Amino acid sequence: MTQLGGTWQNWGRSASIRPLRVERPRSPEGVQRAVLAARAQKLRIKAVGAGHSFTGVAAAPDVLLELDDLQGLVSVDEPRARVTLLAGTRLHRLPALLAPHGLAMENLGDIDRQSISGAVSTGTHGTGAAFRGLAAQVVGVTLITAEGEFLRVDEAQNAELLPAVALGLGALGILVEVTLQCVPAFVVHAVDAPAPLDEVLETVHERVAAADHFEFYWFPHTDVALTKTTERLPESAVRHPLPRVGRWIDETLLSNGVYRVVCAAGGLAPAITPPFSRLAVKLTGDREYTDLSHRVLTQSRTVRFREMGYALPQDQVVPAFREVMALISQRGWRIEFPIEVRFAAADDRWLSTAHERDSAYIAVHRYWRRDPREYFEAVETIMLAHGGRPHWGKLHTLDAAQLRKRYPRFDDFVTLRDRMDPERRFSNRHLERVLGG
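Attention here is on the structure that accompanies the text. As the structure is a prediction and not an experimental result, all values here were calculated from the model.

### Considerations on the pattern of salt bridges
Right, so step 1: If you walk through the whole model with that rule in mind, you get 29 salt bridges.
Right, so step 2: Asp-62 is the partner of Arg-44 in a salt bridge, and the nearest nitrogen-oxygen pair spans 3.6 Å. Remark: Asp-62 occurs in the loop between β5 (45-48) and β6 (63-66) and Arg-44 occurs in the loop between α1 (28-40) and β5; sequence separation between them is 18 residues.
Right, so step 3: A salt bridge links Arg-404 to Asp-411, with the shortest nitrogen-to-oxygen separation between them at 2.5 Å.
Right, so step 4: A relative accessible area of 40% means that Asp-411 is categorised as partly exposed.
Right, so step 5: Each member of the salt-bridge network shares a partner with another, and the members are Arg-39, Glu-147, Glu-423 and Arg-425.

### Considerations on the sheet that holds strand β21 (residues 389-390)
Right, so step 1: Across the sheet, which stays open at both edges, the eight strands sit in the order β17-β14-β16-β15-β19-β20-β18-β21 with antiparallel pairing between neighbours. The sheet is open, and its two edges are formed by β17 (287-292) and β21, each paired on a single side.
Right, so step 2: In this structure, strand β18 (residues 305-313) lies alongside β21, joined through two bridges in antiparallel fashion. Residue Tyr-310 lies in a different strand from β21, and its bridge partner there is Pro-390.
Right, so step 3: Taken strand by strand, helix α9 (residues 317-331) contacts β15 (213-218), β18, β19 (339-344) and β20 (359-367), and its axis lies near 170 degrees from that of β19.
Right, so step 4: Strands β18, β19 and β20 of the sheet are contacted by helix α10 (residues 373-385), whose axis makes an angle of about 10 degrees with β18.

### What to know about helix α5 (residues 197-210)
Right, so step 1: Helix length check: α5 (14 residues) gives 18 Å between terminal C-alpha atoms against 20 Å at 1.5 Å per residue, within 8%.
Right, so step 2: Taking the largest bend as the criterion, α5 deviates by roughly 65 degrees, centred on Thr-203.
Right, so step 3: If you check which residues of α5 are buried, you get Leu-197, Val-200, Leu-201, Val-204 and Val-208.

### Quick look at the packing of aromatic side chains
Right, so step 1: Under the criterion given, the structure shown has ten aromatic pairs.
Right, so step 2: Centre to centre, the rings of Trp-11 and Phe-305 are 5.2 Å apart; their planes meet at 75 degrees, and the pair counts as edge-to-face. In this pair, Trp-11 sits in the loop between β2 (8-9) and β3 (16-17) while Phe-305 sits in strand β18, placing the two residues 294 residues apart along the sequence. When sorted by exposure, Trp-11 lands in the same class as Phe-305, which is buried.
Right, so step 3: For the ring pair Phe-54 and Phe-305, a centre distance of 5.5 Å and an interplane angle of 35 degrees mean the geometry is tilted. Residue Phe-54 is located in the loop between β5 and β6, and its partner Phe-305 is located in strand β18; the two are separated by 251 residues in the primary sequence.
Right, so step 4: What links up through ring pairs into an aromatic cluster is the set Trp-11, Phe-54, Phe-305 and Phe-337.
Right, so step 5: In this structure, Arg-232 packs its charged tip against the face of Phe-186, placed 3.9 Å from the ring centre.
Right, so step 6: A cation sits over an aromatic face here: Arg-304 above Trp-368, 5.8 Å from the ring centre.

### Some details on the layout of surface pockets
Any empty space left between atoms is shown by rolling a water-sized probe over those atoms.
Right, so step 1: Size it by volume and the second largest pocket reaches roughly 560 Å³.
Right, so step 2: Lining the second largest pocket are 26 residues; nearest its centre among them are Ser-14, Phe-54, Gly-56, Leu-395 and Arg-433.
Right, so step 3: The biggest single contributor to the lining of the second largest pocket is α10, with four residues.
Right, so step 4: When the residues that make up the lining of the second largest pocket are grouped by side-chain class, the tally is nine nonpolar, eight polar and nine charged.

Thresholds applied
- Residues numbered from 1 in each chain as written.
- Predicted model: local features only at pLDDT ≥ 70, side-chain atom pairs only at ≥ 80, totals over all residues.
- Heavy atoms only, no water.
- Salt bridge = Lys/Arg side-chain N within 4 Å of Asp/Glu carboxyl O.
- Helix = DSSP H or I, 4+ residues; strand = E, 2+ residues; numbered from the N terminus.
- Buried < 20%, exposed > 50% of the residue type's maximum accessible area, 1.4 Å probe, protein only.
- Pairing = 2+ DSSP bridges.
- Contact = heavy atoms within 4.5 Å.
- Axes fitted to C-alpha atoms, helices over the stretch in contact; angles between N-to-C directions.
- Expected span 1.5 Å × (residues − 1).
- Bend = angle between axes of the 7 residues up to and from the residue.
- Phe/Tyr/Trp six-rings, centres within 6.5 Å; stacked < 30°, edge-to-face > 60°.
- Lys NZ or Arg CZ within 6 Å of the ring centre and 35° of its normal.
- 1 Å grid on protein atoms, 1.4 Å probe; cavity = no way out; pocket = protein on both sides within 12 Å on 5 of 7 lines; lining within 4 Å.
- Points joined across faces, edges and corners; volume = space filled by probe spheres on them.
- Nonpolar A, V, L, I, M, F, W, Y, C, P; charged D, E, K, R; others polar.

In structure tokens form, the structure reads like this:
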């Protein structure tokens, strides 16, 4: 289906564009036809998933492909626990697709609204010192090249390209299929508990080492960290899920409904933010439950926000975090969203924020109607001083010259891009900034 372009916006309302036309291919062959047509007309072409990147990485200046109709399982290799998915498949649909085969994803990010292709292409990650980001779970892809050809990349074909195309920012081609290395389905036991912030910072590395997954949130203007510590169990383990009413109160009423009202009101009366933050840590974050992995590792977030996230060497996370705390206090800012800290294992993806180093992540947020630039840019200065690498799907100010110094394989990626897309058929303004023209 093709239509004249309206205005496309991402979920966070931090990027928008008016393409010449929008196409909704219903098959990989439909994507191929769209690329061939764009090539013949000398137009640029980009695919979008769920629009959950906060940057303009998927903004299409000429032809925008919506992959909503490219969802579902293509094939399952049960002996090797591998599944091949159409690229537009949303992460929240995966549990139902994988359950009949007794499989699950090794790890997930904290939200599941993205498409699988968008999530891997921008470096989505979860938490857990022994677990890698989603792109590192990719063992094969099929993409449409700038020449309009199908290209399969896996261990048997073009294997040398996998570390680049599995996290390719949409700059090397349009993914139409993604093959994931899954694991046997499992259950997760979680303990959410508030703890004194200073105590958590002093013991954070011990907490990370002792748990399968560990993360914490800190509401500015409080002295409490909301910790989440989880243990992976066999699928046969007894489950004790959260009561439906209790979960609704925590996640729908408090974390989203009431929170949305307070965020909006905080823009008019910033003074209400600190007392609400103190109330929030008293009302939430104290519970214990055991459930299927996807019900524990992800959560519902309906309050619209904007986000910046940086990956740091793990030994830098505490000093960097303390500097952010001091910054907020010194500037007298009223910050309505919590700061999130997570951890991930090193991997070999060329543009991964965890490339060849175990990483800790600090993510800062602001309500979408608040201008985040002063806060984000000041925090970014701290992150850069501690060896930070920006999350590709979240807001940052760096350009290609700055990023080159932070990614050892950056020049290899750019060279591959020159070979695979010399005419910049898959480029846009954002990619010109972060990868060069």
